[in-house]
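Single-letter residue listing:
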Protein chains: 4
Amino acid sequence: MSHTTQNKKALITRVRRIGGQVASLERALQSDADCDSVLQQAASIRGAVQGLMSLLLEDHLREHVAGSHPDALKELEPVMAILRSYLR
Amino acid sequence: MSHTTQNKKALITRVRRIGGQVASLERALQSDADCDSVLQQAASIRGAVQGLMSLLLEDHLREHVAGSHPDALKELEPVMAILRSYLR
Amino acid sequence: MSHTTQNKKALITRVRRIGGQVASLERALQSDADCDSVLQQAASIRGAVQGLMSLLLEDHLREHVAGSHPDALKELEPVMAILRSYLR
Amino acid sequence: MSHTTQNKKALITRVRRIGGQVASLERALQSDADCDSVLQQAASIRGAVQGLMSLLLEDHLREHVAGSHPDALKELEPVMAILRSYLR
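Values in this document were obtained by computation on a predicted structure and should not be read as measured data. (Residues numbered from 1 in each chain as written. Chains lettered and ligands numbered in written order. Predicted model: local features only at pLDDT ≥ 70, side-chain atom pairs only at ≥ 80, totals over all residues. Heavy atoms only, no water.)

Topic: the overall build of chain A
On a plain count of helices and strands, chain A comes out with three helices and zero strands. Reading the helices (α) and strands (β) of chain A from amino to carboxyl end gives α-α-α. A globule of 88 residues ought to have a C-alpha radius of gyration of about 12 Å, yet chain A, at 17 Å, is considerably larger. Looking at the 88 residues of chain A, the share that counts as buried comes to 49%. Within chain A, residue pairs in contact and separated by at least 24 positions form 59% of the contacts whose partners lie at least 6 positions apart. Summed over all atoms, the accessible surface of chain A reaches about 3,900 Å², with 51% contributed by carbon and sulfur. Each charge class in chain A can be summarised by its mean position, and for the 11 positive and 10 negative side chains these summaries are 6 Å apart. (Helix = DSSP H or I, 4+ residues; strand = E, 2+ residues; numbered from the N terminus. Rg over C-alpha atoms; globule rule 2.2 N^0.38 Å. Buried < 20%, exposed > 50% of the residue type's maximum accessible area, 1.4 Å probe, protein only. Contact = heavy atoms within 4.5 Å. Areas by Shrake-Rupley, 256 points an atom, 1.4 Å probe, with all protein chains shown as cover. Lys, Arg positive; Asp, Glu negative; His and termini not counted. Charge placed at Lys NZ, Arg CZ, Asp CG, Glu CD.)

Structural data, given as C-alpha cells:
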C-alpha cells in the first residue's frame, strides 16, 4: 500500500484540477489570449503544482520518515512550515 | 496580436506535454504507484511548469518591456540568466 | 551612474540588516541554540535575501530594460507581481 | 545538545562565508559598482543561503524526524534529492 492511499482521493482530485487548468491554458494560447491572462494562468498552475508537491512531501515524510511516531511528527512541524512557505 | 503568437506553436506543444505528464500522474495515483515514483513524476511536472513560466516571462519582457530595442534586450540578459536559474 | 544609485541608501540599509541577521545566526550556532530557532533564523535570512533580489531585479528592469518609458513600465507590472510572489 | 552540534564547525564556516559575501555586497553598493556585478553578488548570496537551508533541513530531518533509523533515512533520500534541487 502506497503512502498516497490514505489521501488518494484528495490527491487525485487535486491532480485532475491541475489537468483542467493546463487544458484551459492551452485553449488560451490557441485563441491568442492576451499576455497578462496567459501569465496569470501559468502562475496559478505553478502555485497548484507547488501545493501538490508540498502535500506529497509531507505525506511521505509523515508516513515513511517519521513513521507516524508522535515525537518525530512533532519535529516534522517546523520543517513543514518552512516547506509550505517555499512551495507557495 | 499577443506576445505569444510568435512562439505560439512551441508554447502549445510545451503546455500539451505538461498536460500529458499530469494525466500520467493521475494514472499513477489511481494505480497505487509507489511513493518515490509519484514524487519523481510530480517533481518533473514542477520543473516543466517552471520552464514554461520562465519562457512566458522572457517573451513578455522582450516584447512588451524591452520593446525589442537592442540595448534593452542586452540589459535583459543578466536578469533572464538569474530567472532561468530560479525557475529550474 | 549605476541603477542602484537612486535607491542606494535603502539598499545598503537592507544589506546591512541582512549582515546583522547572519552574524546573529553565527552566534546562535556558536552557543548551541536549539534547532528550531536556528531553522527560523535561517528562514528569515532567506526571506530577506529573496526580498533584496526582487528589489534589485525590479530596479534593473525599470531603469535599464524598460528605460523608464511609461508603457514599458506598465507592462513590467504583471511580471513584477509574479516575481515578488516567487521571491518571498 | 542541538542537532547542529555534530556539524557545528562546518555550519559556522558556511555562515561566516555568507557574512563575508554580504559585507562585500555592501561595499559594492557603497562604491557604485555596476548593476550586473551587484546582481551577480546578490544571486551568489541567495544560492549560498539556499544551500545552508538545505543542510539545516537535512540535519533536522535526519536526526530529529528519522531519528537516525536506517529505514527512515533511506526513505528520506528521495525527499532530500527534491529539496536540494529546489534550494539551489
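After that view, the rundown keeps rolling.
Some words on the interface of chain C and chain D
Interfaces are often described in size by the accessible area the parts lose on coming together. Residue-level contacts link 36 residues of chain C with 36 residues of chain D. For the pair chain C and chain D, the two sides together bury roughly 2,900 Å², of which 73% comes from carbon and sulfur. Between chain C and chain D we count eight residue pairs in polar contact (both at pLDDT 80 or more) in total. Among the elements of the structure, helix H1 (8-30) and helix H2 (35-65) of chain C are those that each provide at least two residues to the side of chain C that touches chain D. When residues in the side of chain C that touches chain D are grouped by element, the largest group, 16 residues, is from H2 of chain C. Each residue belonging to the side of chain C that touches chain D can be placed in one class, and the counts come to 20 nonpolar, nine polar and seven charged. (Buried area = accessible area lost by both parts, 1.4 Å probe. Polar contact = N/O pair within 3.5 Å; in protein donor to acceptor, adjacent residues only side chain to side chain. Nonpolar A, V, L, I, M, F, W, Y, C, P; charged D, E, K, R; others polar.)

Some details on the relation of the copies chain C and chain D
With an RMSD of 0.0 Å, the fit of chain C onto chain D corresponds to turning through 180 degrees and sliding 0.0 Å along the axis. This pairing of chains is accounted for by a two-fold axis. The rotation axis passes nearest to the C-alpha of Gly19 of chain C in chain C, at a distance of 3.0 Å. The fraction of interface residues of chain C whose copies in chain D are also interface residues reaches 100%, indicating that both copies meet through the same surface. (Least-squares fit on C-alpha atoms with pLDDT ≥ 70 in both.)

Description of the packing of helix H2 (residues 35-65) of chain A against helix H3 (residues 70-86) of chain A
Residues and elements named next belong to chain A. Contact pair H2 / H3: the axes reach a minimum separation of 10 Å and the direction vectors enclose 165 degrees. By the angle between their directions, the pair H2 and H3 is classed as roughly antiparallel. In this structure, H2 meets H3 at a crossing whose hand is right-handed. Residues Gln50, Ser54, Glu58, Leu61 and Arg62 of H2 form the contact with H3, whose participating residues are Leu73, Leu76, Glu77, Met80, Leu83, Arg84 and Tyr86. Its residues assigned to classes, the contact of H2 with H3 shows six nonpolar, two polar and four charged. (Axes fitted to C-alpha atoms, helices over the stretch in contact; angles between N-to-C directions. Parallel < 35°, antiparallel > 145°, perpendicular 65-115°, else oblique. Left-handed = near helix turned anticlockwise from the far one by under 90°.)

Focus: the nonpolar core
Leu61 of chain A, Leu61 of chain B, Leu61 of chain C together with Leu61 of chain D are the most contacted members of the largest nonpolar core, which has 117 residues in total. At 12 residues, the largest contribution of residues to this core is made by helix H2 (residues 35-65) of chain D. (Core = buried A, V, L, I, M, F, W, Y, C linked by side-chain atoms within 4.5 Å.)

Observations regarding the interface of chain D and chain B
Across the boundary between the two partners, chain D contributes nine residues, which contact nine residues of chain B. Taking both partners together, chain D and chain B bury about 990 Å²; carbon and sulfur atoms supply 60% of that area. Joining chain D to chain B, the criterion identifies zero salt bridges. Mapped by element, the contributors of at least two residues to the side of chain D that touches chain B are H2 and helix H3 (70-86) of chain D. If one sorts the elements of the side of chain D that touches chain B by residue count, H2 of chain D sits on top with five residues. (Salt bridge = Lys/Arg side-chain N within 4 Å of Asp/Glu carboxyl O.)

Topic: empty space enclosed by the protein
One pass over the structure, following the stated rule, counts one cavity of 30 Å³ or more. Its boundaries defined by the atoms lining it, the largest cavity holds a volume of some 340 Å³. Residue lining of the largest cavity: 27 residues in total, with Arg46 and Tyr86 of chain A, Arg46 of chain B, Arg46 of chain C together with Arg46 of chain D positioned closest to the centre. Here the residues of the lining of the largest cavity are counted per class, giving 11 nonpolar, eight polar and eight charged. (1 Å grid on protein atoms, 1.4 Å probe; cavity = no way out; pocket = protein on both sides within 12 Å on 5 of 7 lines; lining within 4 Å. Points joined across faces, edges and corners; volume = space filled by probe spheres on them.)

Some remarks on the relation of the copies chain D and chain B
For the pair chain D and chain B, the best superposition has an RMSD of 0.0 Å and corresponds to a rotation of 180 degrees with a translation of 0.0 Å parallel to the axis. Interface overlap between copies: 100% of the residues of chain D at the interface are likewise at the interface in chain B, consistent with a symmetric, same-surface contact.

Overview of the packing of aromatic side chains
One pass over the structure, following the stated rule, counts zero aromatic pairs over all chains. The ring of Tyr86 of chain C has Arg46 of chain A lying over it, and the distance from NZ or CZ to the ring centre is 3.5 Å. (Phe/Tyr/Trp six-rings, centres within 6.5 Å; stacked < 30°, edge-to-face > 60°. Lys NZ or Arg CZ within 6 Å of the ring centre and 35° of its normal.)

These figures come from the coordinates and say nothing about function on their own.
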